[in-house]
Amino acid sequence: TSTLPVTALAQPAVSVETDSVTRENVAPTMNASGVVVSREDAAIASELNGRLEWIAEVGDRFKQGDTIARLDRHLIELEEREREASIQALKANLDWLQRQTNRLEELATSNNTAHSELDETRARYLVLQQELTQAEVALERTRYDLERATVQAPFDGVVVSREMAAGEYATEGRSLLRLVNTLALEVSVTAPLRLARFNKPGDTVQLSNGEMVAEARIRSLVEVGDLRSHMMELRLTPTTSEWLIGEAVQIELPPAQGENSTTVARDSVVLRDRSNYVYLVTEESTAQRVSVELGSGIGERIAIRGALQPGDTVVVRGAENLRDGQKVNALDQQVTMR
């Protein structure tokens, strides 16, 4: 004879989703404040002096290598033509000196000319060769300036501000615009220095903005604290790109070593004012209410204390309207029920 409540027996079986109780290492957590930043955020400056012919608009998006600003190239192009002409003149003089050297060498074999004149011609030829090399280097630099007159995006990004407008005179080193890669996201976190012992690069932590919760990996940790605040900086890499640059977030960081705990999916816990509980699915496919005490969270799971064992099956979806002893139809049963 069944001992289940009459009301529970009279109710039809409810379809629910289930998950297994597990045992894993869980550490307590504390909240730290952070802000979403971009790893590629640069103030792009002019490398030359000159009038700004064109500059990108705020909000324009570019690929790496695209033109984002352009300086007037006219004077540089004139300089290029002048250096090319100088090189041609030097090559002509070198050709004449080479022929002169050959002629003097022939005369020297018959003692018809002084060896000192031949030596002087050879020396002039060597000096002219060096002048040609210097002229070629100067031409290469001028052509490099021509390339730098066209400012290119160093990475994919969007223009978020302009410091100059077309027609203004740009000077070397002066900022033209700010370019930000909105996909190269990172979270800058300030946390107490003592947490460095329990958080290492490669560890996974949880971050949220009050509406969205996701995981992030610790990319780097600066184990040097501020002398006044005793705070350090961590850099996290989010697992999704849905965050916005400049957005404030909260990060859960462990302040101590973890311990082996019984865990369930967060969604399996029914929260009430006076007690928290989960529904255990028995081998008779009934829901048995089990009171639990909540511990620290780890991602989508949470540590609990109660009459549950690893391998037990608990209801994850559909627990809100269940009654103790009610029949259930498990849709996502992962382990054998006890």
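Everything numeric here is computed off the predicted structure, so don't read it as measured data.

### Quick look at the overall build of the chain
Of the regular secondary structure elements, the chain holds 3 helices and 23 strands. Taking 338 residues into account, the globule formula puts the C-alpha radius of gyration at 20 Å, and the chain, at 38 Å, lies well above it. Across its three principal directions, the C-alpha atoms of the chain cover 135 × 50 × 45 Å. Here the chain holds 338 residues, and 38% of them are scored as buried. Sequence-distant contacts in the chain: of pairs separated by 6 or more residues, those separated by 24 or more amount to 75%. Carbon and sulfur atoms form 46% of the exposed surface of the chain, whose accessible area is close to 19,700 Å². Computed over 37 positive and 52 negative side-chain charges, the separation of the two mean positions in the chain equals 4 Å.

### Section: the sheet that holds strand S5 (residues 50-55)
The strand order across the open sheet built from 4 strands is S8-S7-S5-S10, with neighbouring strands paired in antiparallel fashion. With one partner strand each, in any of the chains shown, strand S8 (150-152) and strand S10 (169-170) form the two edges of the open sheet. Direction of pairing for S5 relative to strand S7 (residues 67-71): antiparallel, over a ladder of 3 bridges. Its bridge partner being in S7, Trp 54 is matched across the sheet by Arg 70.

### Quick look at the side chain of Asp 145
Checked against the element boundaries, Asp 145 lands in helix H3 (residues 115-148). Asp 145 gets classed as buried once you look at its relative accessible area, which sits at 14%.

### A short note on the packing of helix H2 (residues 74-109) against H3
Packing of H2 against H3 brings their axes to within 9 Å, and their N-to-C directions diverge by 160°. Between H2 and H3, the crossing angle belongs to the class labelled roughly antiparallel. Here H2 and H3 pass one another in a crossing that is left-handed. Grouping the amino acids of the contact of H2 with H3 by side-chain chemistry returns 16 nonpolar, 8 polar and 14 charged.

### Focus on the pairing of strand S15 (residues 231-238)
In S15, alternate side chains face the same way, and those of Met 232, Leu 234, Leu 236 and Pro 238 are buried while those of Met 231, Glu 233, Arg 235 and Thr 237 on the opposite face are not. Examined bridge by bridge, strand S12 (residues 185-192) and S15 share 6 bridges and lie antiparallel to one another. Along S15, the bridge assignment pairs Thr 190 with Glu 233. When strand S14 (residues 213-222) meets S15, the two strands line up antiparallel, connected through 6 bridges. In the sheet register, Ser 220 faces S15, and the bridge partner there is Arg 235.

### Focus on the nonpolar core
Residues Val 187, Val 189, Leu 234, Leu 236, Trp 243, Ile 251 and Leu 253 are the most contacted members of the largest nonpolar core, which totals 22 residues. The set of elements that each furnish at least two residues to this core consists of strand S3 (30-38), S12, strand S13 (204-208), S14, S15 and strand S16 (248-253). Those residues in contact with Val 189 that sit more than four places away from it in its chain are Ala 32, Ser 33, Gly 34, Met 232, Glu 233, Leu 234, Leu 236, Ile 251 and Leu 253. Residues Phe 62, Leu 71, Val 151 and Leu 177 belong to the second largest nonpolar core, which totals 21 residues.

### Observations regarding the environment of Leu 294
With respect to the helices and strands, Leu 294 occurs in strand S20 (residues 287-298). The class of Leu 294 is partly exposed, set by a relative accessible area of 31%. A C-alpha to C-alpha distance of 47 Å links Leu 294 and Arg 178, two positions 116 residues apart in sequence. Residues contacting Leu 294, with those up to four places away along its chain left out, are Val 269, Leu 271, Asn 276, Ile 302, Ala 303, Ile 304 and Arg 305.

### Overview of the sheet that holds S14
The strands that make up a sheet are held in pairs by hydrogen bonds between backbone atoms, and each pair lies either parallel or antiparallel. Spatially, 6 strands are ordered S3-S12-S15-S14-S13-S16 in a closed barrel, and the strand pairing comes out antiparallel. Here the average twist between neighbouring strands, direction ignored, is 40°.

### A word on the packing of aromatic side chains
All told, the structure shown has 1 aromatic pair when counted by the stated rule. Ring plane angle 80° and centroid distance 5.6 Å describe the contact between Tyr 277 and Tyr 279, whose orientation is recorded as edge-to-face. Residues Tyr 277 and Tyr 279 agree in their burial class; the two are buried. The ring of Tyr 277 has Arg 289 lying over it, and the distance from NZ or CZ to the ring centre is 3.7 Å.

### Points about H2
The first and last C-alpha atoms of H2 sit 53 Å apart over 36 residues, in line with the 52 Å expected at 1.5 Å per residue. Within H2, burial applies to Ile 76, Glu 80, Ile 87, Leu 90, Leu 94, Leu 97, Gln 100, Thr 101, Leu 104 and Ala 108. As for H2, its buried residues are in contact with H3.

What counts as what
Residues numbered from 1 in each chain as written. Predicted model: local features only at pLDDT ≥ 70, side-chain atom pairs only at ≥ 80, totals over all residues. Heavy atoms only, no water. Helix = DSSP H or I, 4+ residues; strand = E, 2+ residues; numbered from the N terminus. Rg over C-alpha atoms; globule rule 2.2 N^0.38 Å. Buried < 20%, exposed > 50% of the residue type's maximum accessible area, 1.4 Å probe, protein only. Contact = heavy atoms within 4.5 Å. Areas by Shrake-Rupley, 256 points an atom, 1.4 Å probe, with all protein chains shown as cover. Lys, Arg positive; Asp, Glu negative; His and termini not counted. Charge placed at Lys NZ, Arg CZ, Asp CG, Glu CD. Pairing = 2+ DSSP bridges. Axes fitted to C-alpha atoms, helices over the stretch in contact; angles between N-to-C directions. Parallel < 35°, antiparallel > 145°, perpendicular 65-115°, else oblique. Left-handed = near helix turned anticlockwise from the far one by under 90°. Nonpolar A, V, L, I, M, F, W, Y, C, P; charged D, E, K, R; others polar. Core = buried A, V, L, I, M, F, W, Y, C linked by side-chain atoms within 4.5 Å. Phe/Tyr/Trp six-rings, centres within 6.5 Å; stacked < 30°, edge-to-face > 60°. Lys NZ or Arg CZ within 6 Å of the ring centre and 35° of its normal. Expected span 1.5 Å × (residues − 1).

Fair warning: the whole summary comes from geometry, so function is off the table for now.
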